[in-house]
Amino acid sequence: MADKGKFYITTAIAYTSRKPHIGNSYEIVLTDAIARYKRLQGYDVFMLTGTDEHGQKIEEYAKEAGVTPKAYVDKVAGEIRGICDLLGTSYDGFIRTTDENHERVVQKIFKKLYDQGDIYKGTYEGMYCTPCESFWTESQLVDGKCPDCGREVKPAKEEAYFLKLSKYQKQLEEFIEANENFIYPEARKKEMLNNFIKPGLQDLCVSRTSFKWGIPVDFDDKHVVYVWLDALSNYITAIGYDPDGSSDMYKKYWPADVHIIGKDIVRFHTIYWPIMLMALGEPLPKQVFGHPWLLFGEDKMSKSRGNVIYADDLVELLGVDAVRYYLLSEMPYASDGSITYETIIERFNSDLANTLGNLVNRTIAMQNKYFDGVICEPTDCEAVDDELKQFALDTVKKVEKCFETYRVSDAIEAVLNLAKRSNKYIDETMPWALAKDEDKKARLGTVLYNLLEAIRFIAVLISPFMPETAEKIFAQMNCDIKDYDSLEGFGATKVGVKVGKAEALFQRIDADKMLEDIAKKQEEAQKAQAKPEIEGLAEIAFDDFAKVELRVAEITACEPIKKAKKLLKITVNDGTDTPRQIVSGIAPWYKPEDLIGKSVVIVANLKPAKLCGEMSNGMLLAGDVSEDDVKVLFVDGMPAGTKIR
């Protein structure tokens, strides 16, 4: 295969505040699929990912944990890299912003921009959001809160250095309008131009004095380099940029072909980052692709909402490739995607077990049954064969077209449609009927050859999405023709080769059992959060106990949850105007009709959690009378809303 040149692709670097959830993991899998596809096509690919490790938030988290900031980020960065590896991502570089070389070059970048007058010292006064590490003016706030995350902001005033965004505003605007594919999708481009650039850019704060966990400004030790100049520079420091003379690697790969980022940070990558590069005199990246979010149901995932799903938990349940498939296939091009345990199990069974897995399994099994596994030459062709062949060749073109604009979910759908068309071909040709007639032996061999070749097309095309599954298919076919060029024509599968043993790629999941097991684990985790399991009796301070709000509530409705035998969905009146729903694992001991009208004690300020698809906003108090007996604490006669102290 001819070398098609370089392709440099990056993810946004992950912030080391907490272990990333599956919504965060979507980006690395998406980027990996694009990188793998480009390698398959013959490009010299360099894929970069990594971690963003400085800032006030990290300093505060480390203090809460009783460790140094470096120890804190070392742990979280290890978790992030571990998830990248677990998900089978093929990154070529993993940068940490605490890397010695990155810190050294960022100091040089800061000094260069200061010396040429693009950074100047001033004073910042405004509203500051610690979680986002962003300053805002009063007019930018939404209902008095951070416009990005909706959290509280605090007044802040401090000496700071600023980058002259305003100096480069016109140049940036002209660049974006002249390069129509720079910001993708189109809606993000319009948002940046109309909402942020054309109204006028304010100079950007690029240093802080109110915390120490950052890269020191080497000529002014009161200051540390602020987040965006530090974090965004990773895309060039990782490949050898240096203001005093960059490496051959940098000259080879820069500018980046595409930055893959979440839609919430498009502004930083299409305004701050290009202006930094303009000020440095360096080329701008060719494209910034802002992907949508992966939601839990209809909500953004967050620990405070109790709806977080982690990649390692999903991989343990379903396997790496099933998780990769769901992430890549479920996310629409420009709107947010959704994930629930129910939908991922449904897609696993329908797409992977039924459509793809069944196709491969029965084709290999028939080849073994009818021809002792030996692949026959296709000598007896019919018109229906041509339809399958053309469908396979068209699928290659569709996938290629989809990847040109990073419509990865559409690309994977095209491959699945080839599997569906191949299953239809089995129904059309009925190999089992052909096998009964000795005169139809050549026709049967031709049909099975066409199926194996279609499956080989599928295996090559899914290798960027599900690399392990692709290799399993090649192994079952005993096939070593895996290159992209082999898809230019239909018929590269070798005749005379003996296929391997048919083995199920994906075993169907018992949805009810798995959902019940998940609900049980979630309930156990919720209990552990409320009452950590410790040896002996752990003393707590009165202030800690005072944080728990116990309240009397009357049960007004109760019903079982169909997919979880141990859970009841309970509605209570807790003395407020809004009914409260609680999910409780007391179904083995209580029937719904036994509970309606009863008054119970609830933990009213427990963090919400989602159990088997139902939100639980609190917890009932109950006693473990014995290993097999639980009794709810009833307080009939006490008015709903009464506080227990």
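Residues numbered from 1 in each chain as written. Predicted model: local features only at pLDDT ≥ 70, side-chain atom pairs only at ≥ 80, totals over all residues. Heavy atoms only, no water.

## A word on the overall build of the protein
Phase 1: On a plain count of helices and strands, the protein comes out with 21 helices and 25 strands.
Phase 2: By principal-axis analysis of the C-alpha atoms, the protein measures approximately 85 × 75 × 45 Å.
Phase 3: The long-range share in the protein, meaning contacts at least 24 apart out of those at least 6 apart in sequence, stands at 75%. (Helix = DSSP H or I, 4+ residues; strand = E, 2+ residues; numbered from the N terminus. Contact = heavy atoms within 4.5 Å.)

## As for helix α5 (residues 169-178)
Phase 1: Considered for burial, the residues of α5 that qualify are Gln-169, Leu-172, Glu-173 and Ile-176. The buried residues of α5 occupy one face: seen down the axis, they fall within an arc of 100°. Exposed and facing more than 90 degrees away from the buried side of α5 are Lys-170 and Ala-178.
Phase 2: Looking at the packing, one finds that the buried side of α5 touches β8 (183-184), α6 (186-197) and α10 (266-280). (Buried < 20%, exposed > 50% of the residue type's maximum accessible area, 1.4 Å probe, protein only. Arc of directions from axis to C-beta.)

## What about the packing of helix α2 (residues 56-65) against helix α3 (residues 69-86)?
Phase 1: At a minimum axis distance of 8 Å, the contact between α2 and α3 shows a crossing angle of 95°. Relative to α3, the element α2 is oriented roughly perpendicular. In contact with Ile-58, Tyr-61, Ala-62 and Ala-65 of α2, α3 contributes Pro-69, Tyr-72 and Val-73.
Phase 2: Classifying every residue of the contact of α2 with α3 by side-chain character gives 7 nonpolar, no polar and no charged. (Axes fitted to C-alpha atoms, helices over the stretch in contact; angles between N-to-C directions. Parallel < 35°, antiparallel > 145°, perpendicular 65-115°, else oblique. Nonpolar A, V, L, I, M, F, W, Y, C, P; charged D, E, K, R; others polar.)

## Focus on the pairing of strand β16 (residues 550-561)
Phase 1: Across 5 bridges, β16 lies against strand β19 (residues 599-603) in antiparallel orientation. Of the residues in β19, the one forming a bridge with Arg-551 is Ile-602.
Phase 2: Pairing of β16 with strand β25 (residues 643-644) involves 2 bridges; the strand directions are antiparallel. Each bridged residue has a counterpart across the sheet, and for Leu-550 the counterpart in β25 is Ile-644.
Phase 3: Alignment of β16 against strand β17 (residues 564-573), held across 7 bridges, turns out to be antiparallel. (Pairing = 2+ DSSP bridges.)

## Quick look at the side chain of Thr-395
Phase 1: Residue position: Thr-395 is located in helix α14 (residues 383-404).
Phase 2: A distance of 2.7 Å separates a polar side-chain atom of Thr-395 from the backbone oxygen of Phe-391.
Phase 3: If we skip the residues at most four places from it in the chain, Thr-395 touches Ala-414, Val-415, Leu-418 and Leu-461. (Polar contact = N/O pair within 3.5 Å; in protein donor to acceptor, adjacent residues only side chain to side chain.)

## Some words on the packing of α14 against helix α17 (residues 441-462)
Phase 1: It is at 11 Å that the axes of α14 and α17 come closest, and there the two elements cross at 5°. Here α14 lies roughly parallel to α17, going by the angle between them. Across from Val-384, Asp-385, Leu-388, Lys-389, Ala-392, Leu-393, Thr-395, Val-396 and Val-399 in α14, the residues of α17 making contact are Arg-443, Thr-446, Asn-450, Ala-454, Phe-457 and Leu-461.
Phase 2: Grouping the amino acids of the contact of α14 with α17 by side-chain chemistry returns 9 nonpolar, 3 polar and 3 charged.

## A word on the environment of Tyr-43
Phase 1: Following the sequence through the fold, Tyr-43 ends up in the loop between α1 (22-41) and β3 (44-52).
Phase 2: For the pair Tyr-43 and Gly-5, spaced 38 residues apart in sequence, the C-alpha separation works out to 5.4 Å.

## Description of unusual backbone geometry
Phase 1: The omega torsion across Tyr-184 and Pro-185 is -5°, close enough to zero to call that bond cis.
Phase 2: Put simply, Trp-254 and Pro-255 share a cis peptide bond, and its omega is 10°.
Phase 3: Take Pro-255: it is sitting in the loop between α9 (248-253) and β12 (258-262).
Phase 4: Unlike most non-glycine residues, Asp-143 shows phi in positive territory, near 55°.
Phase 5: Within the secondary structure, Asp-143 is located in the loop between β6 (134-136) and β7 (154-163).
Phase 6: A relative accessible area of 76% means that Asp-143 is categorised as exposed.

## Here's the deal with the confidence of the model for the protein
Phase 1: Per-residue pLDDT for the protein averages 89, and the proportion of residues at 70 or more is 93%.
Phase 2: Note on residues 531-537: pLDDT under 50 across the span, and 0 contacts to partners over four residues away in sequence or across chains. (pLDDT = per-residue confidence, 0-100.)

## Quick notes on the pattern of salt bridges
Here the idea is simple: oppositely charged side chains can pair when their charged atoms come close.
Phase 1: Counted under the stated rule, the structure contains 39 salt bridges.
Phase 2: A salt bridge links Asp-242 to Lys-108; the nearest nitrogen and oxygen atoms lie 3.1 Å apart. Of the two residues, Asp-242 sits in the loop between α8 (234-237) and α9 while Lys-108 sits in helix α4 (residues 100-115), which places them 134 residues apart along the sequence.
Phase 3: A residue is classified by how much of its surface remains accessible, and Asp-242, at 11% relative accessible area, is buried.
Phase 4: For the salt bridge of Lys-222 with Glu-159, the shortest nitrogen-to-oxygen distance reads 3.3 Å. With Lys-222 in the loop between β10 (207-208) and β11 (224-225) and Glu-159 in strand β7, this residue pair connects regions lying 63 residues apart in the sequence. (Salt bridge = Lys/Arg side-chain N within 4 Å of Asp/Glu carboxyl O.)

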